[in-house]
Amino acid sequence: MSFPIHRPRRLRHNKVIRNMVRETLLTPNDFIYPMFVTFGKGVRKKISSMPGCAQLSVDEAVKDAQHAYKLGIPAIILFGIPEHKDEKGTEAYNAKGIVQKAIKAIKDKVPDLVVITDVCMCEYMSHGHCGVIKSGKILNDPTLELLAKEALSHAKAGVDMVAPSDMMDGRIMAIRDILDGNGFEDIPIMSYAAKYASAFYSPFREAAESTPAFGDRRSYQMDPANRREAMKEVALDIEEGADIVMVKPALSYMDIISDVKDSFDVPVAAYNVSGEYSMVKAAAKLGWIDEMKVVMEILTSLKRAGADIILTYHAVDAARELNK
Ligand code: PBG
C-alpha cells in the first residue's frame, strides 16, 4: 500500500531536510570556464551574441583567469582568434601563436589554474572548416598531422591538458603519439568524443570567427538523431587514449550524457554550449526568466544527468552565486 503510508513530501518539509536528502551538489569545482583570446593589448571586445563574454587580449585574459581561479574554478579552456588565417591553419601550431602566448602568460601568473586548450583547425583556417580541404572535401588523415602539431605546440607552451574538438577519426591516437614521443606523456586528453553537428554553436562561431565559408560540418560532426553512435565514438576515443570524454552540446543531449556515464568508467564532461548560454541570456534580458535560478537548474541538471565536469560560459556567475 502506498498512500497514506508513503508521503514523499515529508522530506521536502523545510530547507534543512531538503538539503540533507539532496542528491546532486553543484560546486565551482565542477566548472571549466571557456575563454577567447585574441591579439593586441588591453583588448576586451564584447561578443554581441554572447552577452557577458568577450574576446580578450592576453593581458586581459590573465586578469579573467585570475578572477576565475579566485572564485574556485579549477580550469579554463582557451580558444584562439589569430591575426591571420590561411589554408594550412599555420597559426594553430606557431610557437608564438596567440594561444601559445596565452598559455605561457596565464601559467606564469596563475600557476595552479589548470589551463586546457581546444585543439582544432577551424579558427585558423581561412575557410573555417576543422580540417584540410581538397576538391571541396574535408580530408581526415592529412588533418591529423596538423592537429598533432597543434597539440604539441600547446604542450611546449606549458598547457596542462588538450581537448581536440575537430571530430576527425583517429585524432586521439595521433595526439597521444606525438605527445608521448616528445616527453609529454603526462598531459591528459579530454576528447570532444560525442560532438554533434548542432545549430546551438552559432553564437560561438561569431565569437571565434570560425563560421565555415561553405557547407556545414555534417560530414565530420555527429547526426543529432543518433544515440547509439555516441557509444561507438566514445569507445573508440577511450581506446585511442582519451582520459576524459565529452558530450556536446549538453541540454538537448542529456540522454547521451547519461548513457556515457553508465557505460564507461572515465570522467564525463558536458559542454553547455554558446547557443544554450545565449538563449538564457536573451530570455533573462526580456524579463521572461530569472537568470540565476535557471542557470543553477541547468547546471545542476547536467551534473544529475552524469556530467562530472561542465564547460560553461556561466561558470564565473555561477561560482559567484555558489560562493554566497
Ligand atoms: C571548434 C569548436 C566549436 C565549439 C567548440 N570548439 C565550434 C564548432 O564546432 O563549430 C562550440 C562551442 C560553443 O558553441 O560554445 N571546432
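Residues numbered from 1 in each chain as written. Predicted model: local features only at pLDDT ≥ 70, side-chain atom pairs only at ≥ 80, totals over all residues. Heavy atoms only, no water.

A. Broad picture of the overall build of the protein chain. Helix and strand content of the protein chain: 11 helices and 12 strands. With respect to the three principal axes, the spread of C-alpha positions in the protein chain is 70 × 45 × 40 Å. For the protein chain, with 324 residues in total, the buried portion stands at 53%. Taking all contacts inside the protein chain whose residues are at least 6 apart in sequence as the whole, residues at least 24 apart take part in 75%. When the accessible surface of the protein chain is totalled, it reaches about 15300 Å², and 53% of it is carbon and sulfur. The distance from the centre of the 42 positive side-chain charges to the centre of the 44 negative ones in the protein chain is 7 Å. (Helix = DSSP H or I, 4+ residues; strand = E, 2+ residues; numbered from the N terminus. Buried < 20%, exposed > 50% of the residue type's maximum accessible area, 1.4 Å probe, protein only. Contact = heavy atoms within 4.5 Å. Areas by Shrake-Rupley, 256 points an atom, 1.4 Å probe, with all protein chains shown as cover. Lys, Arg positive; Asp, Glu negative; His and termini not counted. Charge placed at Lys NZ, Arg CZ, Asp CG, Glu CD.)

B. Broad picture of unusual backbone geometry. With an omega dihedral of 10°, the bond running from Phe3 to Pro4 counts as a cis peptide bond. Structurally, Pro4 is set in the segment before helix H1 (15–20). A cis amide bond links Lys248 with the next residue in sequence, Pro249, at an omega value of -10°. Of note, Pro249 is situated in the loop between strand S10 (244–248) and helix H8 (254–263). Even without glycine at this site, Ser135 takes up a positive phi of about 45°. Its place among the elements puts Ser135 in the loop between strand S6 (132–134) and strand S7 (137–139). Look at Met167: it is not a glycine, yet its phi comes out positive at around 70°. Along the chain, Met167 turns up in the loop between strand S8 (161–164) and helix H5 (171–181).

C. Focus on helix H11 (residues 315–322). Residues of H11 that are buried include every one of Ala315, Val316, Ala318 and Ala319, and no others. Buried residues in H11, looked at end-on, bunch into an arc of 165°, giving them a common side. For H11, the secondary structure elements touched by its buried residues are strand S1 (31–38), helix H2 (58–70), helix H10 (291–305) and strand S12 (309–312). (Arc of directions from axis to C-beta.)

D. Just the nonpolar core, in detail. Ile76, Leu78, Ile106, Ile257 and Val260 are the most contacted members of the largest nonpolar core, which totals 84 residues. No other element matches the seven residues that H10 contributes to this core. Beyond its immediate stretch of four places on either side in the chain, Ile76 contacts Ile32, Tyr33, Met35, Ala65, Ile106, Leu113, Val114, Val115 and Ile116. In terms of nonpolar packing, the next biggest core, distinct from the first, is built from 27 residues, Met50, Cys53, Tyr192 and Tyr201 among them. (Core = buried A, V, L, I, M, F, W, Y, C linked by side-chain atoms within 4.5 Å.)

E. Highlighting the packing of aromatic side chains. A full pass over the atoms with the stated rule returns eight aromatic pairs. Members of the aromatic cluster, connected to one another through ring pairs, are Phe36, Phe79, Tyr192, Phe204, Tyr271, Tyr277 and Tyr313. Looking at Lys149, its charged tip hangs above the ring of Tyr93, at a distance of 4.3 Å from the centre. When the ring centre of Tyr201 is taken as reference, the NZ or CZ atom of Lys248 above it lies at 4.4 Å. (Phe/Tyr/Trp six-rings, centres within 6.5 Å; stacked < 30°, edge-to-face > 60°. Lys NZ or Arg CZ within 6 Å of the ring centre and 35° of its normal.)

F. How the structure looks around the site of the ligand. In the vicinity of the ligand there are 18 residues, among which Lys195, Arg205, Lys248, Ser274 and Tyr313 approach most closely. Measuring from an oxygen atom of the ligand, one finds a side-chain N or O atom of Arg205 at 2.7 Å. Contacts to the ligand include Gln221, whose side-chain N or O atom sits 2.9 Å from an oxygen atom. Relative to its unbound accessible surface of 390 Å², the ligand loses 100% to contact with the protein. (Near = heavy atom within 4 Å. Polar contact = N/O pair within 3.5 Å; in protein donor to acceptor, adjacent residues only side chain to side chain.)

G. Quick peek at the pairing of strand S4 (residues 75–81). Along S4, seven of the seven residues are buried, which leaves the element largely enclosed by surrounding structure. Neither face of S4 is open: one carries Ala75, Ile77, Phe79 and Ile81, the other Ile76, Leu78 and Gly80, and all of them are buried. Bridge analysis of S1 against S4 gives seven bridges, and the strand direction is parallel. Bridge assignment links Ile32 to a residue of S4, and that residue is Ala75. As paired strands, S4 and strand S5 (residues 114–119) are joined by four bridges and run parallel to one another. In the strand pairing of S5, Ala75 is matched with Val114. Crossover S4 to S5 through helix H3 (residues 98–109) is right-handed. (Pairing = 2+ DSSP bridges. Right-handed = clockwise from strand over helix to strand, strands pointing away.)

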